[in-house]
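# Summary of the model geometry
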Amino acid sequence: MGPSGTAILLVIAAFAVGLWLYLKPPGEIGPQALQKYSGFESNMEAVVLRNCAPPGCAAVYLTPTVGSGFKEALPLALTAAGELEQQGIECFIVFGEEPVRDAVKRARSVRRPVVFDPDGEWAKESGIEKSPYWIAWRTGGKIRLRSQKPVSAADIAAAIR
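Just so it is clear, the structure is predicted and the values come from calculations on it, not from any experiment.

### A short note on the environment of S131
Following the sequence through the fold, S131 ends up in the loop between α4 (121-126) and β6 (133-138). Judged by relative accessible area, S131 falls into the partly exposed class, the value being 27%. Considering only alpha carbons, one finds S131 and F70, 61 residues apart in sequence, at a separation of 7.7 Å. The residues contacting S131, other than those within four sequence positions of it, are Y61, L62 and T63. Of note is the side chain of S131, whose polar atom sits 3.4 Å from the backbone oxygen of Y61. Looking at S131, its side chain comes within polar contact range of the main-chain nitrogen of T63, at 2.6 Å.

Okay, here's the thing in structure tokens:
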């Protein structure tokens, strides 16, 4: 007279697994080529963040036009980027969801290379929902660390290696 208890439990379990697979964040970095601004006198170049030098890379995704998190996170991101580069790990500062023309003006004050994601497509492909966001991955794009809270350079390096 109706489905057995085992059948009901199996359907619930299958639904839970399907929901988990649907909602879990992507495990790889997006493949898009983004524009990299190195300085006032140099041309912008295209860079694919997924294809970084071994052992891996990190990025801090910032959205300057939304909220006040940008002002608080930028100094922490610059400090972490400097420490990571001393260890041989490339760290990108990514300005997202802002027109490139406005982002270039903002990038001039940073005084280091900045990558632009004007439409937020790279962030969506990489599972970034809010800014600021710290993310680290191994060469090839496999994500090893993601956090909405600031992460130290030591934690990022440990996650990559």
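### Looking at unusual backbone geometry
In this chain, P54 is followed by P55 through a cis amide linkage whose omega measures 5°. Mapped onto the fold, P55 is located in the loop between β2 (45-48) and β3 (56-62). With an omega of -5°, the peptide bond between S131 and P132 qualifies as cis. By the element assignment, P132 lies in the loop between α4 and β6. You will see that E97, though not glycine, has its phi angle at about 55°, which is positive. Its location among the elements puts E97 in the loop between β4 (90-96) and α3 (100-108).

### A word on the sheet that holds β2
Spatially, β2-β1-β5-β4-β3-β6-β7 is the arrangement adopted by the seven strands of the open sheet, whose pairing is mixed. In this open sheet, the two edge strands, each paired with only one partner strand, are β2 and β7 (143-147). Between one strand axis and the next, the sheet turns through 30° on average, direction left out of account. Bridge count for β3 against β4 is six bridges, and the pairing is parallel. Considered in β4, the bridge of C57 is made with E90. The sheet strands contacting helix α2 (residues 69-86) are β3, β4 and β6, and the helix crosses β4 at an angle near 160°. This element, helix α5 (residues 153-160), spans β3, β6 and β7 of the sheet and lies at about 30° to β6.

### Side note on the packing of aromatic side chains
Here the distance between the centres and the angle between the planes together describe a pair of aromatic rings. Within this structure, the stated rule accounts for five aromatic pairs. Ring centres 5.5 Å apart and planes at 70° place the aromatic pair F70 and F95 in the edge-to-face group. One end of the pair, F70, is in helix α2; the other, F95, is in strand β4, with 25 residues separating them in the sequence. Pair check on accessibility: F70 and F95 agree, each one buried. Taken together, a centroid distance of 6.3 Å and an interplanar angle of 65° make the contact between W122 and W137 edge-to-face. Residue W122 is located in helix α4, and its partner W137 is located in strand β6; the two are separated by 15 residues in the primary sequence. Residues W122 and W137 agree in their burial class; the two are buried. Put simply, the rings of Y61, F92, W122 and W137 pair up and form one aromatic cluster. Just above the ring of F70 sits the side chain of R106; from NZ or CZ to the centre is 5.4 Å.

Procedures and definitions
- Residues numbered from 1 in each chain as written.
- Predicted model: local features only at pLDDT ≥ 70, side-chain atom pairs only at ≥ 80, totals over all residues.
- Heavy atoms only, no water.
- Helix = DSSP H or I, 4+ residues; strand = E, 2+ residues; numbered from the N terminus.
- Buried < 20%, exposed > 50% of the residue type's maximum accessible area, 1.4 Å probe, protein only.
- Contact = heavy atoms within 4.5 Å.
- Polar contact = N/O pair within 3.5 Å; in protein donor to acceptor, adjacent residues only side chain to side chain.
- Pairing = 2+ DSSP bridges.
- Axes fitted to C-alpha atoms, helices over the stretch in contact; angles between N-to-C directions.
- Phe/Tyr/Trp six-rings, centres within 6.5 Å; stacked < 30°, edge-to-face > 60°.
- Lys NZ or Arg CZ within 6 Å of the ring centre and 35° of its normal.

Limitation: the analysis is restricted to geometry and does not speak to function.
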